[in-house]
Amino acid sequence: MTGLVDAHHHVWDLSVRDQEWITGEALAPIRRNFSLADLAPEARAAGVTATVLVQTVTVAEETPEFLAAAADSDLVAGVVGWTDLTRPDMADTLARLRELPGGRHLVGIRHQVQGEPDPEWLLRPDVRRGLAAVADAGLAYDLIVLPHQLPACARAAAALPGLTFVLDHVGKPPIATGSLEPWASALRTLAGRPNTVCKLSGMVTEADHRAWTVDDLRPYADTVLEAFGPQRLMFGSDWPVSTLAASYGEVLDVARLLTRSLDAAERGEVFGGTARRVYRL
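Residues numbered from 1 in each chain as written. Predicted model: local features only at pLDDT ≥ 70, side-chain atom pairs only at ≥ 80, totals over all residues. Heavy atoms only, no water.

Q: How do you make sense of the packing of helix α6 (residues 183-191) against helix α7 (residues 214-228) when you look at a structure like this?
A: When two helices pack together, their arrangement is given by the angle between the helix axes and by the axis-to-axis distance. Between α6 and α7, the least distance of the axes is 9 Å, while the angle of their chain directions is 25°. In terms of orientation, α6 and α7 fall into the roughly parallel class. Note that α6 runs across α7; the crossing there is right-handed. Taken together, the residues of α7 that come into contact with α6 (itself represented by Trp183, Ala184, Leu187, Arg188 and Ala191) are Tyr220, Thr223, Val224, Glu226, Ala227 and Phe228. Looking at the contact of α6 with α7, its residues break down into eight nonpolar, one polar and two charged. (Axes fitted to C-alpha atoms, helices over the stretch in contact; angles between N-to-C directions. Helix = DSSP H or I, 4+ residues; strand = E, 2+ residues; numbered from the N terminus. Parallel < 35°, antiparallel > 145°, perpendicular 65-115°, else oblique. Left-handed = near helix turned anticlockwise from the far one by under 90°. Contact = heavy atoms within 4.5 Å. Nonpolar A, V, L, I, M, F, W, Y, C, P; charged D, E, K, R; others polar.)

Structure below.
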């Protein structure tokens, strides 16, 4: 597989199930259905040849639906799904998912850790047991966390060196405020673990949706590039959440501007190589 990879996007159909996290005036523009048919023209126009579809809710039925959608798609190359990490039969659960239609597209697991009140949720014995099963299955684990949870991510990565941890949305720093610390220090500690990678995604929606500039994002992108390097960094659009602040094409253009200092081979890693390698696309 060659070409540009979008390593992070979503779809949802509110007639199938509610997306309870889409609440309030700020998120009102995305409280509607978004399908692969909506995404495909924009992604293709931007030169994207493959994508990774990522879970949105902690509902077991969603992952089989996404796998089936991937099986019917010539765009979706991988699915990061959800299952309860704390269940004692995690290995069997992952095996069953792989036996479903489209099961070969399962490349990772994710849980909304950002919503867990315990900042060390990832370090709980039952969670670590589940993470070990994810590693044994040859899958990656996506981290959707807030900055104060990054220290626990680093400790989890140290405890499970055989599991690749993928940090979504650069750890959700407070870009709108312009603050770098303590996010930057915690991010560098996480990047110090060789089994971690990071998605250059979700930045425009952590900035001021209406007034962000490339310069607002640059200190955060530079920190990530320095910490992880292009071989451990992958582009993700975070569509359709990203449409709150930018079009699909604008998100890609900004990512290219923020990585303009890289050479062609390094950009190839960020915009495809890393995702293909980590997710085994």
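Q: Looking at this structure, I do not really get the pattern of salt bridges. What am I missing?
A: Pairs may arise between side chains of opposite charge once their charged atoms sit close together. If you walk through the whole model with that rule in mind, you get 13 salt bridges. We note a salt bridge from Asp142 to Lys199, for which the minimum N-O separation is 2.8 Å. With a gap of 57 residues between them, Asp142 in strand β5 (residues 140-143) and Lys199 in strand β7 (residues 196-200) connect regions that are remote in the sequence. Lys199 matches Asp142 in its accessibility class, with the two residues each being buried. (Salt bridge = Lys/Arg side-chain N within 4 Å of Asp/Glu carboxyl O. Buried < 20%, exposed > 50% of the residue type's maximum accessible area, 1.4 Å probe, protein only.)

Q: Help me understand helix α4 (residues 125-136), please; the structure alone is not making it clear to me.
A: Think of an α-helix as turning once every 3.6 residues; residues three or four places apart then point the same way. Compared with the 16 Å implied by 1.5 Å per residue over 12 residues, the 16 Å span of α4 between its first and last C-alpha is a close match. Along α4, the residues that are buried comprise Val127, Gly130, Leu131, Ala133 and Val134. The buried residues of α4 occupy one face: seen down the axis, they fall within an arc of 155°. Among the exposed residues of α4, those oriented more than 90 degrees off its buried face are Pro125 and Asp136. In this structure, the buried residues of α4 make contact with α3 (90-99), β4 (106-111), β5 and β6 (165-167). Directly beyond the C-terminal end of α4, a positive phi value near 75° is found at Gly138. (Expected span 1.5 Å × (residues − 1). Arc of directions from axis to C-beta.)

Everything listed is a geometric property; what it means functionally is a separate question.
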